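# Residue-level structural notes
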Amino acid sequence: HKEKRAKEGDSQGMFNLATYNRDGEYGLPKDPLSSFELLHRAADLEKVDSISELGQQHAFGVSGVSKDERKGREFLKRAAEKGHALALVNLAALEETKGETELAVAYLRTAAAAGDDHAIGTLKKKFRAGKISKDDLLKSLWAHQKANEDTRSEERERHKRWTKAQEEKKQVKA
């Protein structure tokens, strides 16, 4: 079923199969090359999760991909322009490594306003470190809360629980 959707040209199927191949999940062997190719095919179809994943792989040199920050930044910006919160968080990390704290915070605030929990957590850390004002943090918290209230549903809550369980599962493996 997983392979069938990808072969039929379904970008979500390609993305799912790419992540299963990358991680060796659901009985599939780890296959970084196949994963990379599927991500590119899905990105060509404008699957934003694939665009962001490719950006992360290139920018940070993960999942068997050689580090190429310029190429990674291009993919991440493309995904961020489409509203992908994780791409914004990854762009913030890249800016932070260059000492561009102000730009990093702007990316994080945008991601937080989209409801991203990691972004709001990072902004809280920056506040505790004295890098952003209380007013800036409160504005971000308000925007984050509003975004989550606007999108709250049982399906979203189920997805959050599933995502958390997957992250915990990966941490146990590591």
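Below is a short write-up of the structure. (Residues numbered from 1 in each chain as written. Predicted model: local features only at pLDDT ≥ 70, side-chain atom pairs only at ≥ 80, totals over all residues. Heavy atoms only, no water.)

Right, let's get into the overall build of the protein. When helices and strands are tallied, the protein shows ten helices and zero strands. If you list the helices and strands of the protein from N to C, you get α-α-α-α-α-α-α-α-α-α. Computed over its C-alpha atoms, the radius of gyration of the protein comes to 17 Å, within 12% of the 16 Å expected for a compact globule of 174 residues. Taken over the C-alpha atoms alone, the protein extends approximately 50 × 40 × 35 Å along its principal axes. (Helix = DSSP H or I, 4+ residues; strand = E, 2+ residues; numbered from the N terminus. Rg over C-alpha atoms; globule rule 2.2 N^0.38 Å.)

A separate point is helix H2 (residues 11-23). A rise of 1.5 Å per residue sets the reference length of H2, with its 13 residues, at 18 Å; its end C-alpha atoms lie 18 Å apart and thus fit the reference within 8%. Most of H2 sits inside the fold, with eleven of its 13 residues counted as buried. Taken as a whole, H2 has its buried residues at Gly-13, Met-14, Phe-15, Asn-16, Leu-17, Ala-18, Thr-19, Tyr-20, Asn-21, Arg-22 and Asp-23. Taken from the residues just after H2, Gly-24 is the one with a positive phi, measuring 70°. (Expected span 1.5 Å × (residues − 1). Buried < 20%, exposed > 50% of the residue type's maximum accessible area, 1.4 Å probe, protein only.)

Attention now goes to the layout of surface pockets. In this model, the largest pocket occupies a volume close to 1,900 Å³. Those elements that place two or more of their residues in the lining of the largest pocket are H2, helix H4 (48-60), helix H6 (85-97), helix H8 (117-128) and helix H10 (154-173). With eleven residues, H10 is the single largest residue contributor to the lining of the largest pocket. Looking at the lining of the largest pocket, its residues break down into eleven nonpolar, 13 polar and 16 charged. (1 Å grid on protein atoms, 1.4 Å probe; cavity = no way out; pocket = protein on both sides within 12 Å on 5 of 7 lines; lining within 4 Å. Points joined across faces, edges and corners; volume = space filled by probe spheres on them. Nonpolar A, V, L, I, M, F, W, Y, C, P; charged D, E, K, R; others polar.)

Okay, the packing of helix H5 (residues 69-81) against H6 next. With their axes 8 Å apart at the nearest point, H5 and H6 run at an angle of 140° to one another. Here the hand of the crossing between H5 and H6 comes out left-handed. On H6, the residues touching Glu-69, Arg-73, Leu-76, Lys-77, Ala-79 and Ala-80 of H5 are Ala-87, Leu-88, Asn-90, Leu-91, Leu-94 and Glu-95. Classifying every residue of the contact of H5 with H6 gives seven nonpolar, one polar and four charged. (Axes fitted to C-alpha atoms, helices over the stretch in contact; angles between N-to-C directions. Left-handed = near helix turned anticlockwise from the far one by under 90°. Contact = heavy atoms within 4.5 Å.)

Along the chain, Arg-73 falls in helix H5. Here Arg-73 falls in the buried class, since its relative accessible area comes to 13%. There is a polar contact of 2.4 Å between the side chain of Arg-73 and the side chain of Glu-95. In contact with Arg-73, not counting residues within four places along its chain, are Leu-91, Leu-94, Glu-95 and Lys-98. (Polar contact = N/O pair within 3.5 Å; in protein donor to acceptor, adjacent residues only side chain to side chain.)

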